[in-house]
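Coordinate analysis (summary)
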Amino acid sequence: MDGPSLLALLCMLAGLGCATDERIPHLSAEEARREFIELAEGLRAGDNRYFGMRPLEELRAKLADESLEDPHRFFELLRITELETNQGLLEQATRHADEAIDLISLPASRSPPGSELRKALAAMHMQRALAYLRLAEQRNCVKHHSSQSCIFPIEGGGVHTDPDAARKALFGLRAFLEHNPGDPEARWLLNVVAMALGEHPDGVEPDLRIDPKTHEAPAGLPRFANVASHLEVAGLELAGGVVTEDFDADGFVDIVTSTSDPSGSLRLYHNNGDGSFSERTESAGLDSQLGGLNLIGGDYDNDGDVDLLVLRGAWQFNDGRMRNSLLRNDDGTFVDVTHGAGLAVPARPTQAACWADFDQDGDLDLYVGNEAWAPAELDFPSQLFRNNGDGSFTDVAAEAGVTNDTYAKGVTAGDYDNDGDMDLYVSNVGDNRLYRNDGNLRFTDVAPELGLVGPLQRSFAPWFFDYDNDGDLDLFVGAYEGLLADVVRDYIGEPYDGPPPSLYRNDGNGRFTDVAVQAGLDRPWLPMGANFGDLDNDGFLDLYLGTGNPDIRTLVPNVALHNVHGARFEDVTVSTGLGHLQKGHGIAFADIDHDGDQDIYHQLGGFYPSDAFANALFVNPGGGGVQLGIELRGNRTNRLGVGARVAIVVDTPRGQREIHRAAGSVSSFGGSPLGRLEVGLGDATRIVELRVWWPDSDTRSTYNDVSPGSWIRVTEGAEVVETLRVGRFELN
C-alpha cells in the first residue's frame, strides 16, 4: 500500500513518536532519554534493593521519634548505617555508627563475654568499618586515582595518601575481631586495609596475616600497566559491560561501556589512532541511553559494522521489567530501533544475550536469557528472536524449545558437535542447559545426557573456546555460588563451601569431561564478568575473571590464569598486575594499540551507588610470541563471519602445531571484537597453512601465503587473502 508502512503505523498508534527512515522506525534521543529518566526516578522513589530510597526515608522517620527506646534505636541505627553506606551517604553513615556505638558501649562492657550486647556492638563496629573503608577508597582510589590504585597487593602508588578513613576502618575491624577472632572476612579486610596504609605485612599480627602471593605461579608473566585514567577512558561507573570494536571503520578499536546506574549513560571512547582517545558519547547518540548491566555487539543488519544491544534489569525481579535497547550503528552514530525491530516488549529482566545465525540464512539471530522465577508474576521465559532480514525480529523461542523457563545468567553459542550449525548454552540459577541445534530452528536440551548441568546453583559467565587447540570447542562455565569467606579460606588453606567453575573438555565424540580440577581451576573465585584471550601470544587461550558480589565488603582480586600448553592453568594475578580489587564486570581482550598483542579493557564497579569505580585499560607489555590478525568477511555467511572456524598450522623450533579459533565465540559477560581474530602464534617461524571453514556455505579454503605478524582479510570463497596496512602506536 501507499503511505507509511504498517510497522510505522503501529509505532505511531502505540504512542512511541517514532521517526522513520528507509529501513525501520526509531526513537529520537530525547524520547529515549525521557523514558529512561522516568524509569530511574521510579526506582529511586521505591524500595528497589539497590537504588530505592524509601527504606532509608522510613528509617529516618523512625529515628526522628524521640520516644524510640534505646534497644530499638540501636538496631535502627545499625540498619540505617548499612543503607547509607550502600547509597554513598558515607559521612551520615559514620555519624550514625558513632551514635550507635556510644549508645551501647557502656552496657556491653558490663555484660558477660559472648552476650547479645557484645555481639551487637561488634556488628556495629563492622558496619562502621565498612563505611570508613568505602570512604577511604573514595578519598584515595577514586579522587586521587593512579595506575596502582586497588591493584592487589596494594603497594607503591596504591598506598593511601589520605590515611584517616582507612585507620578508622582498621580500628573497627580490630574491634570486631576481638569478639569474632576466627571471622575470615574481617581478617581479609584487615589485611587489605593494612596494605592500603602501607603497613602490610608487618602491621598485621602473624596469626591474622594473609600472604597475597599464596596461589601465584613461580614464573609468572610480565606486568600490565593500567593507563585508563591517563588516557581519559576510565569514567566512574557502577557494574556494567564493555564492547570493543571499530565502530566508525577508521581501522582502530573504539570502546563503549555501560553502567547499571539507571541515570548513567553509555560512553563511547573513540580511538584516535595516535595513542589517545576522545570521548564522543553525545555525538554518537549514546548519551540518551541510560542504565544497562551488560551490553553486547553484533551486526544484526549485515552492513559490516557492529551494532549494540544494551541489556537491563538483571537481579531486580519485577523491578527489572525494563526494555533493552537495540542501537543501530550508522557510520559511528547510533539510533535506537528497539521498538521498530520488535525487541521492546515484553520487557523482562536480563543481563545475558548472544548473536548467532541459528537458522543459517546469512544474518544474525538473537537469543536473550531472561530471569524467570517460580512465582507466576515472575514468569519471564527466555527469547529466541529470528532475524527477519528486514530489520525486524520474531520471537520463536517456544516453537524452537528454548524458553529455558528459569533464571538465566549467561548464554553463549558455538558449534560443539562440528555439524555446521550453532548450538546454545544457557547457565542458570539452577540446572544449566545445552540446546543442541537440530536444524530448522529446533533445539534439544542435551545437558543432562552429557553431564553439563553444573556448576550447580548460580553459574556464569559461560563461553565456548578451544583451550587445548584440538579442533573442537570446549566449554567454560564460571561458578558464582559462594561468599567472601570461601575466597579467604582458600587463601589460608582451610576448607570452603564455594564451588569451583567447570571446564568441560570436548572429547571429540559428542561427549565432555569436566577437567577443572586437573586443570588447576578448583578454587572459589566468585567470577562475574569474565573473558578469555591470549596474555602472552603463545597460542593458548588464557582466562581473566572479574570477581566479587554486591556486598560492599567483597573486595577480592580479579584473577588472571595462564593456560600452560592446554594442560593446566596457572595463577599469574600478582605478576601481571591484573588483580584489581574492585568488582569486575565486562572484560574485553583487544589489540587496541596494534602492536601485536592483546590489551585488556575492564569495566569495574559494584551494584550500590556508593560502589562506583574507574574502569581499567591494561596495556600488554609484550615480549611474548608473534601474532596474526584476521578479519573475516562473509558472503553467504553473515558479514562478520560469526560461526566460521579457523585453523593455523605453524612451524616451530619443536615441530609443527595447530592453533584453532572460532569466530564470534565470545564470553556472555565480555566484549572482545567480533569482526577480527587476534591469534597468538607463539614461537612460530612459518605459517604452513591457514584453513577457514564457513559452515553456512560449507566453503573450505586453504591459504599458504600468510606471514606471521601480518594483518589479513579473508573473504568467504576468495582464492587469496588480502594483506592490510595497520597503523601501530603506543598507549602511554
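Remember, predicted model here, so these are calculated numbers, not experimental data.

Definitions and cut-offs
Residues numbered from 1 in each chain as written. Predicted model: local features only at pLDDT ≥ 70, side-chain atom pairs only at ≥ 80, totals over all residues. Heavy atoms only, no water. Helix = DSSP H or I, 4+ residues; strand = E, 2+ residues; numbered from the N terminus. Buried < 20%, exposed > 50% of the residue type's maximum accessible area, 1.4 Å probe, protein only. Contact = heavy atoms within 4.5 Å. Core = buried A, V, L, I, M, F, W, Y, C linked by side-chain atoms within 4.5 Å. Domains from an automatic or database assignment. Pairing = 2+ DSSP bridges. Axes fitted to C-alpha atoms, helices over the stretch in contact; angles between N-to-C directions. Patch = residues over 30% accessible without salt bridge, like charges linked within 9 Å, V, L, I, M, F, W, Y side chains within 5 Å. Areas by Shrake-Rupley, 256 points an atom, 1.4 Å probe, with all protein chains shown as cover. Salt bridge = Lys/Arg side-chain N within 4 Å of Asp/Glu carboxyl O. Lys, Arg positive; Asp, Glu negative; His and termini not counted. Charge placed at Lys NZ, Arg CZ, Asp CG, Glu CD.

**Overview of the environment of I592**
- Note that I592 resides in the loop between strand 26 (584-590) and strand 27 (599-604).
- Judged by relative accessible area, I592 falls into the buried class, the value being 0%.
- When the C-alpha atoms of I592 and E245 are compared, they prove to be 9.4 Å apart, with 347 residues separating the residues in sequence.
- Among residues more than four places away in sequence, those in contact with I592 are V253, I255, N271, F277, D599, L617, F729 and L731.

**Points about the nonpolar core**
- In this structure, W188, V233, F277, I592, L617 and L731 are the most contacted members of the largest nonpolar core, which totals 62 residues.
- Only helix 6 (116-142), helix 7 (164-179), helix 8 (184-196), helix 12 (484-492), strand 26 and strand 28 (616-619) provide two or more residues apiece to this core.
- Here this core spans two domains, and each of domain 1 (69-197) and domain 2 (225-619) adds at least three residues to it.
- Excluding anything up to four places from it in sequence, L617 contacts A225, N226, V227, A228, L231, V233, F277, I592, I600, Y601 and L731.
- By size, the runner-up hydrophobic cluster in this structure holds 33 residues, among which are A341, L343, L364 and V368.

**Observations regarding the sheet that holds strand 22 (residues 527-533)**
- Strand order in this open sheet of four strands is 22-23-24-25, and the pairing throughout is antiparallel. Each edge of the sheet is formed by a strand with only one pairing partner; in this case those strands are strand 22 and strand 25 (568-571). Direction aside, neighbouring strands of the sheet carry axes that sit 25 degrees apart on average.

**Focus on the domain arrangement of the protein**
- Considered domain by domain, the protein is made up of domain 1 (69-197), domain 2 (225-619) and domain 3 (626-724).
- Distance from the C-alpha centre of domain 1 to the C-alpha centre of domain 3: 52 Å.

**Some words on a negative patch on the surface**
- Together, D47, E57, E58 and D319 give the surface a local cluster of negative charge.
- Within the secondary structure, D47 sits in the loop between helix 2 (29-45) and helix 3 (54-63).
- Given the relative accessible area of 51%, D47 is considered exposed.

**What to know about the pattern of salt bridges**
- Applying the stated criterion across every chain, the model contains 39 salt bridges.
- Residue R134 pairs with D611 through a salt bridge whose shortest N-O separation is 3.6 Å. You can see R134 sitting in helix 6 and its partner D611 sitting in the loop between strand 27 and strand 28, a full 477 residues away along the chain.
- When salt bridges that share partners are traced, they join R134, E137, K583 and D611 into one network.

**Points about the sheet that holds strand 31 (residues 655-662)**
- Strand order in the open sheet formed by four strands is 31-30-33-34, with antiparallel pairing between adjacent strands. Edge positions in the sheet fall to strand 31 and strand 34 (699-703), since each has one partner strand and no second. The mean inter-strand angle of the sheet, taken between neighbouring strand axes irrespective of direction, is 15 degrees.
- In the sheet, strand 30 (residues 645-652) pairs with strand 31 via eight bridges, with the strands oriented antiparallel. Bridging across to strand 31, I648 finds its partner in I659.

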